[in-house]
4 protein chains.
Amino acid sequence: MSVNTFGRLLRFTTWGESHGPAIGAVVDGCPPGLAIDESVIQPFLDARRPGQSKFTTQRQEPDQVRILSGVFEGKTTGTPISLMIENVDQRSKDYSDVAKAYRPGHADYAYDAKYGFRDYRGGGRSSARETASRVAAGGVARLVIPEVTILAYVSEIGGDAIDMANFDAAEIANNPFFCPDAEAAKRWEKIVDDARLAGSSVGAVVECVATGVPAGWGAPLYGKLDADLAAAMMGINAVKGVEIGDGFAAARLTGEQNADPMHPGTNGPEFSANHAGGIAGGISTGQPVLVRVAFKPTSSILTPQPTINREGEATELFTKGRHDPCVGIRGVPVVEAMMALVLADHKLLHRGQCG
Amino acid sequence: MSVNTFGRLLRFTTWGESHGPAIGAVVDGCPPGLAIDESVIQPFLDARRPGQSKFTTQRQEPDQVRILSGVFEGKTTGTPISLMIENVDQRSKDYSDVAKAYRPGHADYAYDAKYGFRDYRGGGRSSARETASRVAAGGVARLVIPEVTILAYVSEIGGDAIDMANFDAAEIANNPFFCPDAEAAKRWEKIVDDARLAGSSVGAVVECVATGVPAGWGAPLYGKLDADLAAAMMGINAVKGVEIGDGFAAARLTGEQNADPMHPGTNGPEFSANHAGGIAGGISTGQPVLVRVAFKPTSSILTPQPTINREGEATELFTKGRHDPCVGIRGVPVVEAMMALVLADHKLLHRGQCG
Amino acid sequence: MSVNTFGRLLRFTTWGESHGPAIGAVVDGCPPGLAIDESVIQPFLDARRPGQSKFTTQRQEPDQVRILSGVFEGKTTGTPISLMIENVDQRSKDYSDVAKAYRPGHADYAYDAKYGFRDYRGGGRSSARETASRVAAGGVARLVIPEVTILAYVSEIGGDAIDMANFDAAEIANNPFFCPDAEAAKRWEKIVDDARLAGSSVGAVVECVATGVPAGWGAPLYGKLDADLAAAMMGINAVKGVEIGDGFAAARLTGEQNADPMHPGTNGPEFSANHAGGIAGGISTGQPVLVRVAFKPTSSILTPQPTINREGEATELFTKGRHDPCVGIRGVPVVEAMMALVLADHKLLHRGQCG
Amino acid sequence: MSVNTFGRLLRFTTWGESHGPAIGAVVDGCPPGLAIDESVIQPFLDARRPGQSKFTTQRQEPDQVRILSGVFEGKTTGTPISLMIENVDQRSKDYSDVAKAYRPGHADYAYDAKYGFRDYRGGGRSSARETASRVAAGGVARLVIPEVTILAYVSEIGGDAIDMANFDAAEIANNPFFCPDAEAAKRWEKIVDDARLAGSSVGAVVECVATGVPAGWGAPLYGKLDADLAAAMMGINAVKGVEIGDGFAAARLTGEQNADPMHPGTNGPEFSANHAGGIAGGISTGQPVLVRVAFKPTSSILTPQPTINREGEATELFTKGRHDPCVGIRGVPVVEAMMALVLADHKLLHRGQCG
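The rules behind these values
- Residues numbered from 1 in each chain as written.
- Chains lettered and ligands numbered in written order.
- Predicted model: local features only at pLDDT ≥ 70, side-chain atom pairs only at ≥ 80, totals over all residues.
- Heavy atoms only, no water.
- Helix = DSSP H or I, 4+ residues; strand = E, 2+ residues; numbered from the N terminus.
- Rg over C-alpha atoms; globule rule 2.2 N^0.38 Å.
- Buried < 20%, exposed > 50% of the residue type's maximum accessible area, 1.4 Å probe, protein only.
- Areas by Shrake-Rupley, 256 points an atom, 1.4 Å probe, with all protein chains shown as cover.
- Lys, Arg positive; Asp, Glu negative; His and termini not counted.
- Charge placed at Lys NZ, Arg CZ, Asp CG, Glu CD.
- Phe/Tyr/Trp six-rings, centres within 6.5 Å; stacked < 30°, edge-to-face > 60°.
- Lys NZ or Arg CZ within 6 Å of the ring centre and 35° of its normal.
- Least-squares fit on C-alpha atoms with pLDDT ≥ 70 in both.
- Contact = heavy atoms within 4.5 Å.
- Buried area = accessible area lost by both parts, 1.4 Å probe.
- Salt bridge = Lys/Arg side-chain N within 4 Å of Asp/Glu carboxyl O.
- Polar contact = N/O pair within 3.5 Å; in protein donor to acceptor, adjacent residues only side chain to side chain.
- Nonpolar A, V, L, I, M, F, W, Y, C, P; charged D, E, K, R; others polar.
- Pairing = 2+ DSSP bridges.
- Axes fitted to C-alpha atoms, helices over the stretch in contact; angles between N-to-C directions.
- Expected span 1.5 Å × (residues − 1).
- Bend = angle between axes of the 7 residues up to and from the residue.
- 1 Å grid on protein atoms, 1.4 Å probe; cavity = no way out; pocket = protein on both sides within 12 Å on 5 of 7 lines; lining within 4 Å.
- Points joined across faces, edges and corners; volume = space filled by probe spheres on them.

### Quick look at the overall build of chain A
In step 1: A count of helices and strands for chain A gives 8 helices and 18 strands.
In step 2: In summary, chain A has a C-alpha radius of gyration of 21 Å against a globular reference of 20 Å for 355 residues, a match within 12%.
In step 3: Once the C-alpha set of chain A is aligned to its principal axes, its extents read approximately 65 × 50 × 35 Å.
In step 4: The burial tally for chain A puts 67% of its 355 residues in the buried class.
In step 5: In the form shown here, chain A has an accessible surface area of approximately 10600 Å², with 52% of it arising from carbon and sulfur atoms.
In step 6: For chain A, the distance from the average site of its 34 positive side-chain charges to the average site of its 41 negative ones is 6 Å.

This is how it looks when you write it as structure tokens:
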């Protein structure tokens, strides 16, 4: 099986390979009557777009999204919204190395084991280029949840974390790292640049907060809001870990330390802590929904690694081509998009069952 | 919406509340001809069964599973397998406190916000009692993947981790903590007992390794093996974090440190490391599949917490009744079951598409 | 694959075999707060119950439904509703004939071809006994759509149709055929009794009308209301044809004859005809939704038929045991149930997307 | 909800409106390694293409399909296959009539009732133009089932049926009606031309036979092969009835007349009749799978009909523009495509569960 559709009521299906003519997403189930055109979606793609600093891949892709269906007179009609992004900068390089052998840490071997062969040009379907489709779909999802504000940022690169005391949301757009801590951003310049110059790579942690989510979204027990978020985030390229609220740190607390006591508030209940990350029993509590996502360092490094070729013989390989020294950075708009898609879906699911 | 079904080709649907007459699971899509009877499933339920030591809840439930359909002459027929477990020890206690106010950290408030009211007896549908149904369903899933061996254990309680140098799989069944490190198990006796006596609770980390998974299972891009595992694990009661392979630690490595170089082996490729946890691009690589799961300390503690009642007024509440001082312990059979269910599903999915 | 779940937002999963200990359905996604207990569901099961006249099978099944979950203090909670019906009258007959050879027209051979073997006792999973589970689930679905009235009846038996001029809804409950035409009912007594005495069987046509369906339910393009109804009805045992509105007769009309002109009405638009059966473009129009369903004569006849045994050798077989001389009759409550389930699902789907 | 995806393992999602820039389908779940390029799919689109005779709409659409993803070096890769067809001949006509009032029999009113407004240009999403996407997707599905031969034809137009004694498959491509009876084809020229000249329309019946389907495909009980076919066919624009095998005629037979006796054959069992249409218990029997589909006369006629406008006031409307006097004719390739898509899906489903 191949599963390229995500969501239950608000669903999107993505298609396309890194070096094919285009990539795209079909968003189905969107409520009718929402004001939309390309300009509503494009800014999110621009945020994810490569080649904007020396800290990301130098592939130049304008990532211009085009709406092919589902919109009439500037409004969603309730029918499928087809979004297409042309691939422009597929460099005609020599792929003979990658065609013949498996890059360690990449999906090369796994795809061959599954399908018998693979589109090796730029990683084909397994390329992070696919995440542009998610970001475009996420732009539609945001329209479904105007009550929600989503903010993601990088909280750690190469093991160097931000200081929450320095947190300034306005800083996020001021540096090439989506970093809310101006001092950390400065340190990261060196960390990422060192990795880049060494032909190496570093990992990152991205945090995402959604405020304005009302209590009651979530579909227990196998469509829990946190379970759907976990799947959404773990499915992003290079992600190896997902936490809700305190996550693994919660496993080191006592029940008293981990409690989120409730109090009467002016607009419904208030909580004196948010260890739970806004979700209890798989349902939102009205607190901010908090997710933390671990990106591994990209496997695309210049250091040759022992590997095998398609015949199973020993060889060595390093990744040529243009790559992100820290894929987690451009993961920020992707994490935001997946958050929007999950929340929008659950808003509709809740309305469907509970009116 | 309410989503009580998990899986794509091998699916299970669970039903039942903590204090209803019974709970159960319907497993659909099981291949025909597999030898099965209750005795095949019961041992897994026995492992999860409460009341076996002072370190778990004292509720006494025999958790005898009964197969009501889908089996003929000792073999699965390919039709739905209905599994039922009667609730026996629903203590007729006074629930008036819980009915009127929300226990902080529990799903009480979220369920009320979603559904307008809730079955408050023992947590109703949100009770961890539901996980018995998962374990029963997992017993069926294991039959589908005889090539796979699944082993889970507690690797950390209350912040105290095992020493992998002491790892002994044979120890896991020798202590009430599913602990593979005999020394850690001794230390945990005190940690958990202290929490129990203090009316407090502690968190835990559970690790699960599946060996024998062939390369090629997984359904990119929105049914990735790791994304499905993340959803499966995050959906277990009290879980707040999921890692695949090195997880968050990978975010602190460089590309070189995180590489899993390949070599020719006697039975296909071999890897000199498994930072990836056996999954690349959402597809299994043939290495052991490794998942790590964080359980928060149960919110059911004896310390009164500020909260609100159904009218929104301030009050205080603590959790009476019988509870696990460390819910992560009994999470071990549940984690194993979810691993089995995801892998079995993906085996069938792969066979469906790729033959 | 085995697909024993129907529906999208309101879903039900059935399980159980003709001669197992019980059968049942799990209804998931039901809105919370609906008043329910067994007495709400039982009348529909009573209508379908066998052994009530000489015109149906003599198997005696009380078909008492039991609600095992999802209900608290007399109201649906929004969690899965588990419905169980015990099998009582599994006659301990000799099944050696059916075990060894295939009854022509039955699912025997097809099940063996698919699964390699089959539960041959009373038809196992392929028995029409499963439809009791549908009727029970339909009883829940009806609660979701109080604005809709569903009425089904037999319009034709053995090629003898009712006269619509004689149509009297009050007659339907007055005869053992769910026949709205008292004169036809009298004629059918002889037709069905002749078939019964001859060890033969006759077919039937069932019509079902749902009034009160508002305009706007339906999920184009692959969840069209008529397409979902077609699947729902064609999936009932012994059904071979489904029509919406004029159905095949429409293929013999001109565009003018088939038109359903619209006029302003007191409560929204009125139509001067309903050739379309209340559905256009897969969406309800506010007119009555009309479905017609063809039931074949049951294959269970006393005339020996040439067939083959499991070894592929020629043999002869006739169906012993208790059977309906006209399965279409007891199909009436099943058709109503499937109508209710489809409509309830689409009500929630519409609300989910369009608010 | 909007459901624009069909299928379970082999799934396709369609998008696009009659007068948008393009339409398309994303086919997901296709097995890898199948030889494919545009030339494999184009002939089916050519068969459905409008404007090829005076008996179909005069809209000129080349319907050139383009494969945008999922294919590498001439073979399917197992990833989503994106198919796009540009709209070329969207005539810039005046749609003010249709924008303001509802064409009786069309989806106009239903779409407005559901979504609040609609893309009225050429019927928007509800246009039969969407069926080109189905035909393209069906071209992929055929590759999955090389063992199956699918043949559809028109068996009746305007109430005038073919004579099965004249059946000649070679004739189907020799006339503009997909008619296997040369004499009937001659008669139909006058019937359809008369309707066309009168600004009227006529209905049709399409039959489809799939040979080579092995016994064992089908997914009881809610994914029965016949139920999935019923949904597939009823969801085609203008379809109002579906029959499997003898369909409604079976309701007029006795059990003896309707029997399909079995005999030993050289390649598995043989049957002396096929009243069942190749399906028993929802599972294929190895006989030809036979489906019959009723197309209503298109509602697009030149005779003015009473109707209402968006304000609910009485008015009159007739359909301008280019239309098929008998939509059933071009339904033939669509019916074939849906048959292929359902069978391919069930082949994979069967393999997934039963190996």
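### With respect to the packing of aromatic side chains
In step 1: Under the definition given, this model contains 44 aromatic pairs over all chains.
In step 2: Arranged with centres 5.2 Å apart and planes meeting at 75°, the rings of B:Tyr102 and B:Tyr109 form a pair that is edge-to-face. Each member of the pair, B:Tyr102 together with B:Tyr109, is buried.
In step 3: On the numbers, 5.6 Å between centres and 55° between planes, the contact of D:Tyr111 with D:Tyr115 is tilted. Of the two residues, D:Tyr111 and D:Tyr115 both sit in helix α3 (residues 108-115), 4 residues apart, roughly one turn of that helix. The pair D:Tyr111 / D:Tyr115 is uniform in exposure class, with both members buried.
In step 4: Put simply, the rings of A:Phe6, A:Phe12 and B:Tyr222 touch in pairs and so form one group of aromatic residues.
In step 5: The ring centre of B:Tyr115 lies 5.8 Å from the NZ or CZ of B:Lys114, which sits over that ring.

### Some words on the relation of the copies chain C and chain A
In step 1: By a simple turn and slide, chain C fits onto chain A: the slide is 0.0 Å along the axis, the RMSD is 0.0 Å, and the turn is 180°. The superposition operator between the copies reduces to a two-fold rotation axis. Distance from the rotation axis, computed per C-alpha, reaches its smallest value in chain C at C:Gly352: 1.9 Å.
In step 2: Most of the interface of chain C is mirrored in chain A: 100% of its interface residues are interface residues there too.

### What to know about the interface of chain C and chain A
In step 1: Tallying the contact residues gives 13 residues for chain C and 13 residues for chain A.
In step 2: Each partner contributes to the roughly 930 Å² buried at the junction of chain C and chain A, and carbon and sulfur atoms together form 56% of this total.
In step 3: On the chain C side of the interface with chain A, the three residues burying the most area are C:Arg351, C:Gly352 and C:Gln353, jointly 53% of the side's total.
In step 4: Viewed at the interface, chain A and chain C are joined by 0 salt bridges.
In step 5: Across the contact surface, chain C and chain A share 9 residue pairs in polar contact (both at pLDDT 80 or more).
In step 6: When grouped by side-chain class, the residues that make up the side of chain C that touches chain A number 7 nonpolar, 5 polar and 1 charged.

### Observations regarding the interface of chain D and chain C
In step 1: The partner chain C presents 102 residues to the 102 residues of chain D that form the contact.
In step 2: Buried area between chain D and chain C, summed over both chains or domains, comes out near 7700 Å², and the portion from carbon and sulfur atoms is 63%.
In step 3: On the surface where chain D and chain C come into contact, there are 2 salt bridges.
In step 4: One salt bridge connects D:Arg252 with C:Glu156, and the closest N-O pair in it is separated by 2.4 Å.
In step 5: Counting residues per element, the side of chain D that touches chain C draws most heavily on α3(D), at 6 residues.

### Points about the sheet that holds strand β1 (residues 5-6) of chain B
Within a beta sheet, neighbouring strands are joined by backbone hydrogen bonds and run either parallel or antiparallel to one another.
Residue and element names in this part refer to chain B.
In step 1: Strands sit in the order β1-β2-β3-β7-β4 across an open sheet of 5 strands; the sheet is antiparallel. Two strands close off the open sheet at either side, each with one partner strand: β1 and β4 (65-67).
In step 2: Two elements, strand β3 (residues 22-28) and strand β7 (residues 81-86), share 6 bridges in a ladder whose sense is antiparallel. Across the sheet, Gly24 pairs through a bridge with Met84, a residue of β7.
In step 3: Of the strands in this sheet, β4 and β7 touch helix α1 (residues 38-48), which is tilted by about 155° from β4.

### Regarding the relation of the copies chain D and chain C
In step 1: With an RMSD of 0.0 Å, the operation that places chain D on chain C is a rotation of 180° combined with a shift of 0.0 Å along the axis.
In step 2: A high fraction, 100%, of the interface residues of chain D reappear at the interface in chain C, so the copies pair face to face through one surface.

### Some thoughts on helix α5 (residues 182-197) of chain C
Residues and elements named next belong to chain C.
In step 1: Between its first and last C-alpha, α5 extends 23 Å over 16 residues, near the 22 Å set by a 1.5 Å rise per residue.
In step 2: At Trp188, α5 is bent by approximately 25°, the largest bend along its length.
In step 3: Of all the positions in α5, only Ala184, Ala185, Trp188, Val192, Asp193 and Ala195 are classed as buried.
In step 4: Regarding α5, its N-cap is Asp181, as a side-chain oxygen of that residue lies 3.0 Å from the backbone nitrogen of Glu183 further along.
In step 5: Gly199, located one to two residues past α5, shows a positive phi value of around 70°.

### A short note on the pairing of strand β11 (residues 239-244) of chain C
In step 1: In terms of burial, β11(C) is largely enclosed, as 6 of its 6 residues are buried.
In step 2: Sheet topology note: the β11(C)/strand β16 (residues 289-295) of chain C ladder contains 5 bridges and is antiparallel. Of the residues in β16(C), the one forming a bridge with C:Ile244 is C:Val291.
In step 3: Sheet topology places β11(C) next to strand β11 (residues 239-244) of chain D; 3 bridges connect them, and they run antiparallel. Paired with C:Val242 across the strands is D:Val242, a residue of β11(D).

### So, the pattern of salt bridges
A side chain with one charge may pair with a side chain of the opposite charge, provided their charged atoms come close.
Residue and element names in this part refer to chain A.
In step 1: For the structure on display, the rule yields 88 salt bridges over all chains.
In step 2: The partner of Arg8 in a salt bridge is Asp228, with the nearest N and O atoms 3.1 Å apart. Of the two residues, Arg8 is situated in the loop between β1 (5-6) and β2 (11-16) and Asp228 in helix α6 (residues 225-234); the sequence distance between them amounts to 220 residues.
In step 3: In this structure Arg8 comes out as partly exposed when scored by relative accessible area, which is 26%.
In step 4: What makes Asp228 buried here is its relative accessible area of 10%.
In step 5: In this structure, Arg121 engages Asp119 in a salt bridge whose closest nitrogen and oxygen atoms are separated by 2.8 Å.

### Quick word on empty space enclosed by the protein
In step 1: The space that makes up the second largest cavity amounts to roughly 980 Å³.
In step 2: Residue assignment for the lining of the second largest cavity shows that the elements contributing at least two residues are β11 (239-244) and α8 (327-354) of chain A together with β14 (279-280) of chain B.
In step 3: Take the lining of the second largest cavity: its biggest share by element is 4 residues, from α8(A).
In step 4: Tallied by class, residues from the lining of the second largest cavity come to 16 nonpolar, 20 polar and 14 charged.

### Comments concerning the pairing of strand β16 (residues 289-295) of chain B
All names here are of chain B.
In step 1: Summarising burial for β16: 7 of the 7 residues are buried, a large majority.
In step 2: Of the two faces of β16, the one lined by Val289, Val291, Val293 and Phe295 and the one lined by Leu290, Arg292 and Ala294 are each fully buried.
In step 3: As judged from the 7 bridges shared by strand β10 (residues 204-211) and β16, these two strands associate in the antiparallel manner. Within β16, the residue paired with Val209 across the bridge is Leu290.

### Comments concerning the side chain of C:Ser127
In step 1: Mapped onto the secondary structure, C:Ser127 falls in the loop between α3 (108-115) and α4 (131-144).
In step 2: Setting aside chain neighbours within four positions, we find C:Ser127 in contact with C:Ser18, C:Gly122 and C:Asn237.

### What about the sheet that holds strand β1 (residues 5-6) of chain D?
Residues and elements named next belong to chain D.
In step 1: On the basis of which strands lie adjacent, the open sheet formed by 5 strands has the order β1-β2-β3-β7-β4 and antiparallel pairing. What marks the edges here is a single partner per strand, and that holds for β1 and β4 (65-67).
In step 2: In terms of strand pairing, β4 meets strand β7 (residues 81-86) through 3 bridges, oriented antiparallel. Within β7, the residue paired with Arg66 across the bridge is Met84.

### Description of the side chain of D:Asp28
In step 1: Summarising the element assignment, D:Asp28 is placed in strand β3 (residues 22-28).
In step 2: With a relative accessible area of 2%, D:Asp28 lands in the buried category.
In step 3: Side-chain polar atoms of D:Asp28 contact the side chain of A:Ser2, separated by 2.6 Å.
In step 4: Polar contacts involving the side chain of D:Asp28 include one to the main-chain amide nitrogen of A:Asn4, which spans 2.7 Å.
In step 5: Once residues within four sequence positions are removed from consideration, D:Asp28 is found in contact with A:Ser2, A:Val3, A:Asn4, A:Thr5, D:Leu9, D:Leu10, D:Arg11 and D:Pro80.

### Thoughts on the environment of C:Phe177
Residue and element names in this part refer to chain C.
In step 1: On the secondary structure map, Phe177 appears in the loop between β9 (160-161) and α5.
In step 2: Classification of Phe177 by relative accessible area gives buried; the value is 0%.
In step 3: Residues Phe177 and Val293 lie 116 residues apart in sequence; the distance between their C-alpha atoms is 15 Å.
In step 4: Dropping the residues within four chain positions of it, Phe177 is found in contact with Phe55, Val154, Ile157, Ala185, Trp188, Glu189, Val192 and Ile329.

Functional significance is not addressed by these values, which are geometric in nature.
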